[in-house]
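Topology and contacts: notes
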Amino acid sequence: MTQVERLAFMGDEAVAYAVKQCNVDVIAAYPITPQTIIVERLSEYVANGELDAAFIPVESEHSAISACVGASLAGARVYTSTCSQGLALMHEILHAASSMRAPIGMTIANRSLNAPLNIHCEHSDVMNARDTGWVHLFANNVQQAYDLTFISFKVAEDPRVLLPVSVNIDAFVLSHSVEPITPITDEDAAKYLPPREYEYPINPDRPITYGTMALPDTYMEFKMQFKEALDRVPEVFEEAVKEYEKISGRRYWYYDSYEIEDADALVIVLGSTYGTVKTAAKKLRAEGLKVGVMGLTMFRPLPEKELVKVLRNMKAVVVMDRAYSYGGLGGPLYTDIIGVLYRNGIRIPAKNIVYGLGGRDFKLDEAEAILRMAEKGVREGGFETHVDWWGVRR
Amino acid sequence: MSELKYFKTVKEIPREDRFAKGHRLCAGCGAAIAMKLAMKAVRGPTVVVNATGCVEVATTCYPYSAWAVPYIHVAFENTAAVASGIIEANRILNKKRGWKLYDVIAIGGDGGTFDIGLQALSGALERGHNLLYICYDNEAYMNTGIQRSGATPLGAATTTSPAGTIIPGKPQRKKDLIGIAVAHRIPYAATASIAYPIDYMNKIRKALEIEGPKVIHVLTPCVPGWRYSPSDTIKLARLAVETRYFPVYEVENGRVKITIKVDRPKPVEEFLKLQRRFAHLLKPENAHILEALKRGLEENWERLVKLEESGVII
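Residues numbered from 1 in each chain as written. Chains lettered and ligands numbered in written order. Predicted model: local features only at pLDDT ≥ 70, side-chain atom pairs only at ≥ 80, totals over all residues. Heavy atoms only, no water.

Helix and strand content of chain B: 11 helices and eight strands. Compactness check: chain B gives a C-alpha radius of gyration of 19 Å against a globular reference of 20 Å for 314 residues, within 12% of the reference. In terms of principal-axis extent, the alpha carbons of chain B reach across some 65 × 50 × 40 Å. Buried residues in chain B amount to 59% of all 314 residues. Taking contacts inside chain B between residues at least 6 apart in sequence as the whole, the part at least 24 apart equals 69%. Treating the 43 positive side-chain charges of chain B as one cloud and the 31 negative ones as another, the clouds have centres 3 Å apart. (Helix = DSSP H or I, 4+ residues; strand = E, 2+ residues; numbered from the N terminus. Rg over C-alpha atoms; globule rule 2.2 N^0.38 Å. Buried < 20%, exposed > 50% of the residue type's maximum accessible area, 1.4 Å probe, protein only. Contact = heavy atoms within 4.5 Å. Lys, Arg positive; Asp, Glu negative; His and termini not counted. Charge placed at Lys NZ, Arg CZ, Asp CG, Glu CD.)

Under the counting rule described, the total for this entry stands at 44 salt bridges over all chains. Its salt-bridge partner being A:Arg160, residue A:Glu239 comes within 2.8 Å of it at the nearest N-O pair. One end of the pair, A:Glu239, is in helix H9 (residues 233-248); the other, A:Arg160, is in the loop between helix H6 (142-157) and strand S7 (165-170), and 79 residues separate them in sequence. Residue A:Glu239 is classed as partly exposed on the basis of its relative accessible area, which comes to 41%. Where B:Arg303 meets B:Asp176, a salt bridge forms, and the shortest distance between an N and an O atom there is 3.6 Å. Linking B:Arg303 in helix H11 (residues 287-310) with B:Asp176 in the loop between strand S4 (132-137) and helix H6 (177-182), this pair joins segments that are 127 residues apart in sequence. Residue classification places B:Arg303 among the partly exposed positions, given a relative accessible area of 34%. (Salt bridge = Lys/Arg side-chain N within 4 Å of Asp/Glu carboxyl O.)

Once that is clear, we can look at the domain arrangement of chain A. Residue and element names in this part refer to chain A. By the assigned domains, chain A splits into domain 1 (7-248) and domain 2 (255-389). Taking only C-alpha atoms, the centre of domain 1 and the centre of domain 2 are 28 Å apart. Between domain 1 and domain 2, the residue contacts involve 25 residues of the former and 20 residues of the latter. Between domain 1 and domain 2, a total of about 1900 Å² is buried, with carbon and sulfur atoms accounting for 59% of that surface. At the junction of domain 1 with domain 2, the criterion picks out zero salt bridges. At the boundary of domain 1 with domain 2, the tally comes to 10 residue pairs in polar contact (both at pLDDT 80 or more). For the side of domain 1 that touches domain 2, the secondary structure elements donating two or more residues are helix H5 (124-128), strand S6 (135-138), H6 and H9. Of all the elements, S6 adds the most residues to the side of domain 1 that touches domain 2, at four residues. For the side of domain 1 that touches domain 2, the class distribution of residues is 14 nonpolar, eight polar and three charged. (Domains from an automatic or database assignment. Buried area = accessible area lost by both parts, 1.4 Å probe. Polar contact = N/O pair within 3.5 Å; in protein donor to acceptor, adjacent residues only side chain to side chain. Nonpolar A, V, L, I, M, F, W, Y, C, P; charged D, E, K, R; others polar.)

A word on the sheet that holds strand S11 (residues 265-269) of chain A. All names here are of chain A. Strand order across the open sheet formed by six strands is S10-S12-S11-S14-S15-S16, with mixed pairing between neighbours. Looking at strand neighbours, the two that pair on one side only are strand S10 (255-258) and strand S16 (387-389), the edges of this open sheet. Between one strand axis and the next, the sheet turns through 20° on average, direction left out of account. Bridge analysis of S10 against strand S12 (residues 291-296) gives four bridges, and the strand direction is antiparallel. Note on S12: the bridge partner recorded for Ser257 is Met294. (Pairing = 2+ DSSP bridges. Axes fitted to C-alpha atoms, helices over the stretch in contact; angles between N-to-C directions.)

Turning next to the environment of B:Leu121. With respect to the helices and strands, the residue B:Leu121 is situated in helix H5 (residues 118-127). Placed 92 residues apart in sequence, B:Leu121 and B:Cys29 show a C-alpha to C-alpha distance of 25 Å.

What follows concerns the environment of A:Glu380. Checked against the element boundaries, A:Glu380 lands in helix H13 (residues 364-380). As a C-alpha pair, A:Glu380 and A:Lys278 span 102 residues in sequence and 23 Å in three-dimensional space.

With that settled, the discussion passes to helix H4 (residues 84-99) of chain A. Residues and elements named next belong to chain A. Between its first and last C-alpha, H4 extends 22 Å over 16 residues, near the 22 Å set by a 1.5 Å rise per residue. Where H4 bends most, at His91, the angle is about 60°. Buried residues of H4: Ser84, Gly86, Leu87, Met90, Ile93, Leu94, Ala96, Ala97 and Ser98, and no others. Contact partners of the buried residues in H4: helix H3 (61-73), strand S4 (78-82), strand S5 (105-110), H5 and helix H8 (219-231). Taken from the residues just after H4, Arg101 is the one with a positive phi, measuring 60°. (Expected span 1.5 Å × (residues − 1). Bend = angle between axes of the 7 residues up to and from the residue.)

Here we come to the sheet that holds strand S6 (residues 214-219) of chain B. One open sheet holds the nine strands; their spatial order is S9(A)-S2(B)-S1(B)-S3(B)-S4(B)-S6(B)-S5(B)-S7(B)-S8(B), and the pairing between them is mixed. On the outer flanks of this sheet lie strand S9 (209-210) of chain A together with strand S8 (255-258) of chain B, each paired with one strand and no other. Taken together, the five bridges between strand S1 (residues 46-50) of chain B and strand S3 (residues 103-109) of chain B define a ladder with parallel strand orientation. Counterpart to B:Asn50 in the pairing with S3(B) is B:Ile107. Sheet strands in contact with helix H3 (residues 79-97) of chain B are S1, strand S2 (71-73), S3 and S4 of chain B, and its direction is about 170° off that of S3(B).

Attention shifts here to a nonpolar patch on the surface. Residue and element names in this part refer to chain A. Together, Tyr326, Trp389 and Val392 make up a nonpolar patch on the protein surface, roughly 320 Å² of accessible area in all. Here Val392 is to be found in the segment after S16. Judged by relative accessible area, which is 40%, Val392 ranks as partly exposed. (Patch = residues over 30% accessible without salt bridge, like charges linked within 9 Å, V, L, I, M, F, W, Y side chains within 5 Å. Areas by Shrake-Rupley, 256 points an atom, 1.4 Å probe, with all protein chains shown as cover.)

On to the side chain of A:Ser81. Residues and elements named next belong to chain A. Looking at the secondary structure, you find Ser81 in strand S4. Separated by 2.3 Å, the side chains of Ser81 and Gln35 make a polar contact. The residues touching Ser81, leaving out its near neighbours within four places in the chain, are Ala29, Tyr30, Gln35, Ile38, Val39, Met106 and Thr107.

Our next topic: the environment of A:Cys22. Residues and elements named next belong to chain A. Mapping Cys22 onto the fold places it in the loop between helix H1 (11-21) and strand S2 (26-29). The buried category is assigned to Cys22, whose relative accessible area is 0%. The spatial distance from the C-alpha of Cys22 to the C-alpha of His120 is 28 Å, given a sequence separation of 98 residues. Residue contacts for Cys22: discarding those within four places in its chain leaves Arg77, Thr149, Phe150, Phe153 and Leu193.

This brings us to the interface of chain A and chain B. Contact with chain A, which involves 46 residues of that partner, is made by 42 residues of chain B. Buried area between chain A and chain B, both sides added, is near 3200 Å², and the carbon and sulfur share of it is 63%. A salt bridge links A:Asp52 to B:Lys95, with the nearest nitrogen and oxygen atoms 2.7 Å apart. Here chain A is connected to chain B by 19 residue pairs in polar contact (both at pLDDT 80 or more). Among the secondary structure elements, those contributing two or more residues to the side of chain A that touches chain B are strand S3 (54-57), H3, H4 and S9 of chain A. Of the residues contributing to the side of chain A that touches chain B, the split by class is 27 nonpolar, 12 polar and seven charged. In this structure, S9(A) lies alongside S2(B), joined through two bridges in parallel fashion.

What follows is the structure in structure tokens.
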């Protein structure tokens, strides 16, 4: 571990800097607010010779992800970034990318979906891509956005995995906020991510047919192998974060947490809201309330075992979703958590708070109110409702 | 790279097949012939990228593959984009790691090229990748069961442009794919016919020698779609050229050259009458549609002749 100077970066810039240090070979990307700065910085790195990569300025996100699949199977280290409508346009090929076992690194600057048109923070974009077989990681701050970019390539390209990985950063809150970060050195980055080794690149000396048709007699076996690759993600992730800790001194896990060891009431969140709830929790802890906070880093594959270890010691849980499963039981993370609780025999009350859609601000006093609500759930042994849309006017 | 640059006779065509026998395309399939010839025309290490369509489903049914070259299929509308990624990965990995360079040929049907894949194709042509794109055109969505496409000619009956009593066949004319390709100012674009294999194969060779994006549009008769006897595939492909229904030409750096001259065209009815998709056009009540079709074909031929004679750069 080498000491390096701290740098002030916007989230997008920090990600672009990490992608440069990852020495990617091919970038195919299309502009969409608020990830555009990533693409702009990467274009500059390539144009100025700071990054020896092919930059493909595609005509749509659909072509961006398609070019990434081709380049990845050709053996390159491949990166793209998008969000919102762009991720929705990619959707068809998100399935192909994972099912064809094409490792790709992608940043998603989580933004709401049209209509009404809105460019601000929400997690609906990635929730739409929840079941595509991608690994989905969430950053809580700019440092994490930077660090998880390295970890994402490490996991994606591992021969046991060979799957695309997304790193999610909250629109504007992270993409456009300037925060100080401590980068790793170029030498450490090169050691952590040496040039990609891939056993089956497109090679005329060894012709392989990629993307065959499979009839009902073989299709399920393809899908089972694909599912098993996702099942291997945890072991590879654990190795990747350990190795990253050695060079960075920063430890990553399936989640970030605050005071969960002796907590009775837990609030679970995704993304930058973790910092807000954690700050509020500090205040309540000083009052003696036994509240804890969890910010999930790995959303897919869902780290069920790790969640169970924490949840089985809780007396109530509030799950915060910055998205909603319309027509379903609540937010997507909430439905995951109640599933984990039920099938592991953990009979505690669980409540869902749907908040911050379309970038609506979520402030410290609101976080405090939600922690108090969780604590009240412990005292009263339940909640009045399953799902609340936080702060919505009627 | 092979020593032979251009073919003079069919005897010079290699016996080796990179598109193998035993695939599941129909008896008499024009696209199968176009694939077989294309794969005999390659000049060296080659990678094929293929859109969803007849050729894809009938040649890559797991665990079988008809392809003796690396082959990749991802989806329907993104073939040119997938090819862009492969070409740029190959170029940068050659530079950074010394990996071998190869030719990339993208292949799509008319649906995957004229319609749903047009945006990705346009993007790839504009960006200037070193790509050869071959469109095998059977003039409708044949893989899904004969639905009209932007390549279906005026008046032709398909399952979504049936020969009805009010609307007899497709009311719109065929898109000009080469016109669209040439509008990108690419160095080479050409049409070709499987009835003229030497012309077709030499165009592939020529295109591969040219740096940048190239488009070849080959007409491939379809037995179930055009509704004719499987033994008539080459006959129909030839009649399409001899009647000036499908002019065979190339556009090199914007200059048009008609490569198969047709001085005395046969009546277009000779081409139409062998196919049941046009049966209704030969009835007296639809004579005006037949006339409109003929007029369109004549205008197109005259336009190409004028462009060739004038040497105007388009």
